[in-house]
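# Structural overview
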Amino acid sequence: MVWQWDYTWQEVIPKLLGVLHVTVGATVAGFLLALILGLVLAFGRRSKNRIVSGIATGVVEFVRLTPLLVQLYFIYFVMPEIGLTLSAFTAGVLGLGIHYAAYISEVYRAGIDSVSKGQWEAATALNFSKRQMWQSIILPQAIRPIVPVLGNYLIVMFKETPYLSAIGLMEMVGTAKEIGAESFRYMEPMTLVGIFFLILSYAASLLVKRVERKIDLNRLRERAKSAAEG
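Residues numbered from 1 in each chain as written. Predicted model: local features only at pLDDT ≥ 70, side-chain atom pairs only at ≥ 80, totals over all residues. Heavy atoms only, no water.

Scanning the chain from terminus to terminus reveals eight helices and zero strands. Ordered by position from the N terminus, the helices and strands of the chain form the series α-α-α-α-α-α-α-α. A compact globule built from 230 residues would reach a C-alpha radius of gyration of about 17 Å, whereas the chain, at 22 Å, exceeds it by more than 25%. Over its C-alpha atoms, taken along the principal directions, the chain stretches across nearly 70 × 50 × 25 Å. Burial statistics for the chain: of 230 residues in total, 38% are counted as buried. Counting only carbon and sulfur atoms, one obtains 64% of the accessible surface of the chain, whose full area is about 13400 Å². The centroid of the 22 positive side-chain charges in the chain is displaced by 12 Å from the centroid of its 16 negative side-chain charges. (Helix = DSSP H or I, 4+ residues; strand = E, 2+ residues; numbered from the N terminus. Rg over C-alpha atoms; globule rule 2.2 N^0.38 Å. Buried < 20%, exposed > 50% of the residue type's maximum accessible area, 1.4 Å probe, protein only. Areas by Shrake-Rupley, 256 points an atom, 1.4 Å probe, with all protein chains shown as cover. Lys, Arg positive; Asp, Glu negative; His and termini not counted. Charge placed at Lys NZ, Arg CZ, Asp CG, Glu CD.)

Shown next as structure tokens:
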């Protein structure tokens, strides 16, 4: 089979670009949901209340031990039977967000546990409220080491979006399969999908590195300011 440029430019690229926003939008929205929900679950697991801790642990373990595809089917096909109907995009974002929140909560826990005991004691000695302690001391130090891991999950989420076609949300891979089924040519659409995912993943990795550098720069500025005041 020979690569056909006319077919690529006229049929394949326009259709793939037409659903590119679905792949990017679902990934970004799902990742933001995972970041927020993951932090909530991390706090829940650290709670001194056994009921709260038990519920958070149960949710994390259940989500981690069940496939993403099953979770997507449940959200989109089963939940309407109990009165909650969602669009394919909303269900996809919710499925991705909940699934990866379980993993990201463990990343948050590792970051929090990496903060030295002296930092906790210093916050207590300064009479910081819990909100001040977490906002000013613990979370800033916990987030920096886990940024690369969070970036990896963002990239993985990009590559997991093809699952969304199972609930009728036509993203890039689903669209490429549809194009191939219509024309019996899979080489062009699948090759271009691979290239698009490579570009998106590389762009995400550059964004993560930029965030890392910005955090490091802010820390250096804070240290320089503290030294000058001292």
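Having seen it, we continue.
So, on to the environment of Tyr7. Looking at where Tyr7 falls in the secondary structure, it is placed in helix 1 (residues 5-46). A C-alpha to C-alpha distance of 9.9 Å links Tyr7 and Ser183, two positions 176 residues apart in sequence. The contact partners of Tyr7, leaving out residues within four places of it in the chain, are Val12, Ile179, Ser183, Arg185 and Glu188. (Contact = heavy atoms within 4.5 Å.)

A word on the packing of helix 5 (residues 117-125) against helix 6 (residues 130-160). The contact between helix 5 and helix 6 brings their axes to 10 Å, and the two run at 170 degrees. When the axes of helix 5 and helix 6 are compared, the pair comes out roughly antiparallel. Residues Gln119, Trp120 and Ala123 of helix 5 form the contact with helix 6, whose own contacting residues are Met133, Trp134, Ile137, Ile138 and Gln141. Its residues assigned to classes, the contact of helix 5 with helix 6 comprises six nonpolar, two polar and no charged. (Axes fitted to C-alpha atoms, helices over the stretch in contact; angles between N-to-C directions. Parallel < 35°, antiparallel > 145°, perpendicular 65-115°, else oblique. Nonpolar A, V, L, I, M, F, W, Y, C, P; charged D, E, K, R; others polar.)

A few words on the side chain of Arg45. One can find Arg45 in helix 1. The class of Arg45 is buried, set by a relative accessible area of 16%. Only 3.3 Å separates the side chain of Arg45 from the side chain of Thr57, close enough to count as a polar contact. Contact partners of Arg45, with chain neighbours within four places excluded, come to Ser53, Ala56, Thr57, Val60, Glu61, Glu106 and Arg109. (Polar contact = N/O pair within 3.5 Å; in protein donor to acceptor, adjacent residues only side chain to side chain.)

What follows covers the nonpolar core. Soluble globular proteins: nonpolar side chains tend toward being buried together. The biggest cluster of nonpolar side chains holds 47 residues, and the ones touching the most others in it are Leu16, Met172 and Val193. Listed by contribution, the elements that provide at least two residues to this core are helix 1, helix 2 (50-64), helix 3 (68-78), helix 4 (88-113), helix 6, helix 7 (172-183) and helix 8 (187-229). Take this core: its biggest share by element is eleven residues, from helix 1. Setting aside residues no more than four positions away along its own chain, Val193 makes contact with Leu16, Met172, Val173 and Ala176. Membership of the second largest hydrophobic core comes to nine residues, among which are Ile112, Val115, Ala123 and Met133. (Core = buried A, V, L, I, M, F, W, Y, C linked by side-chain atoms within 4.5 Å.)

Of the residues in the chain, 93% reach a pLDDT of 70 or more, and the chain-wide mean stands at 88. Confidence, expressed as mean pLDDT per element, reaches its minimum in the chain at helix 8 with 78 and its maximum at helix 3 with 95. (pLDDT = per-residue confidence, 0-100.)

Moving on to the packing of aromatic side chains. Scanning all chains against the criterion turns up eight aromatic pairs. In this structure an aromatic cluster arises from ring pairing among Phe43, Trp120 and Trp134. (Phe/Tyr/Trp six-rings, centres within 6.5 Å; stacked < 30°, edge-to-face > 60°.)

Moving on, we get to the pattern of salt bridges. Here the structure, examined in full by the defined rule, presents ten salt bridges. Arg45 is the salt-bridge partner of Glu106, the closest N and O atoms lying 2.5 Å from each other. Remark: Arg45 occurs in helix 1 and Glu106 occurs in helix 4; sequence separation between them is 61 residues. Accessibility expressed as a relative area gives 21% for Glu106, which makes it partly exposed. Across the pair Glu188 and Arg185 runs a salt bridge whose closest N-O atoms are separated by 2.4 Å. In terms of burial, Glu188 and Arg185 fall into one category: buried. Salt bridges here are not isolated pairs; linked through shared partners, they connect Arg45, Glu61, Arg64, Glu106 and Arg109. (Salt bridge = Lys/Arg side-chain N within 4 Å of Asp/Glu carboxyl O.)

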